[in-house]
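# Structural features, examined
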Amino acid sequence: MQKESKYTKMWIRDGILYITYKPIPELDLRAAKKIVAGRLIFQRHQPYPILCRIQHLKNISDQALDHFATKGSLMASAVAILTNNDYDQSLALLFRDVHHPQVPVKLFKSELNALAFLQDYK
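Residues numbered from 1 in each chain as written. Predicted model: local features only at pLDDT ≥ 70, side-chain atom pairs only at ≥ 80, totals over all residues. Heavy atoms only, no water.

With that out of the way, let us pick up the packing of aromatic side chains. Tallying each qualifying case throughout the model produces four aromatic pairs. Look at phenylalanine 117 and tyrosine 121: their rings are 5.2 Å apart centre to centre, the planes differ by 55°, and that puts the pair in the tilted class. The class of phenylalanine 117 is buried, set by a relative accessible area of 13%. According to the relative accessible area criterion, tyrosine 121 is partly exposed, its value standing at 29%. Ring-pair connections join several aromatic residues into one group, and the members of that group are Phe108, Phe117 and Tyr121. (Phe/Tyr/Trp six-rings, centres within 6.5 Å; stacked < 30°, edge-to-face > 60°. Buried < 20%, exposed > 50% of the residue type's maximum accessible area, 1.4 Å probe, protein only.)

Structure below.
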């Protein structure tokens, strides 16, 4: 099962929810609310660990990061964020260390390591 929207592509495989963000010039609060609402409907309000690919994000507002850390933590048991470069790493650290999501969040450069982390949260 897969869902694609203006902002993301999502699918569930082996008990893990995968989210890949599309190239978005500015991810604002309005977009963040749509992404979270779409994710909750897609996963049918069942909790999942989430593997998040953020390499296509350009700019994200502080309000969007805060929304992801609070409302975006609903029905997520843990989040692994894949980072490919220094910008991705900075964005993910800002999310984790400043906005304090309500679920465990770890950053990874390797998808294999990210998936290993998420296994404990299935």
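Scanning the entire structure with this criterion turns up three salt bridges. Taking the shortest distance from any N to any O, the salt bridge between glutamate 4 and lysine 22 comes out at 2.9 Å. One end of the pair, glutamate 4, is in strand 1 (residues 2–4); the other, lysine 22, is in the loop between strand 3 (16–21) and helix 1 (29–42), with 18 residues separating them in the sequence. Take lysine 22: its relative accessible area is 21%, and that puts it in the partly exposed class. A salt bridge links arginine 96 to aspartate 97; the shortest N-O distance between them is 2.7 Å. Classification of aspartate 97 by relative accessible area gives partly exposed; the value is 39%. (Salt bridge = Lys/Arg side-chain N within 4 Å of Asp/Glu carboxyl O. Helix = DSSP H or I, 4+ residues; strand = E, 2+ residues; numbered from the N terminus.)

Counting residues in each nonpolar core, the largest one holds 32 residues, and the members touching the most others are Tyr21, Leu27, Ile54, Phe68, Val79 and Ile81. Elements with a contribution of two residues or more to this core: strand 3, helix 1, strand 4 (48–53), helix 2 (62–69), strand 5 (76–82), helix 3 (86–98) and strand 6 (105–108). At six residues, the largest contribution of residues to this core is made by helix 1. Beyond its immediate sequence surroundings of up to four residues, valine 79 is in contact with Ile50, Cys52, Val103, Pro104, Val105, Lys106, Phe117 and Leu118. Tyr18, Ala78, Ala80 and Leu115 belong to the second-largest nonpolar core, a separate cluster that totals twelve residues. (Core = buried A, V, L, I, M, F, W, Y, C linked by side-chain atoms within 4.5 Å. Contact = heavy atoms within 4.5 Å.)

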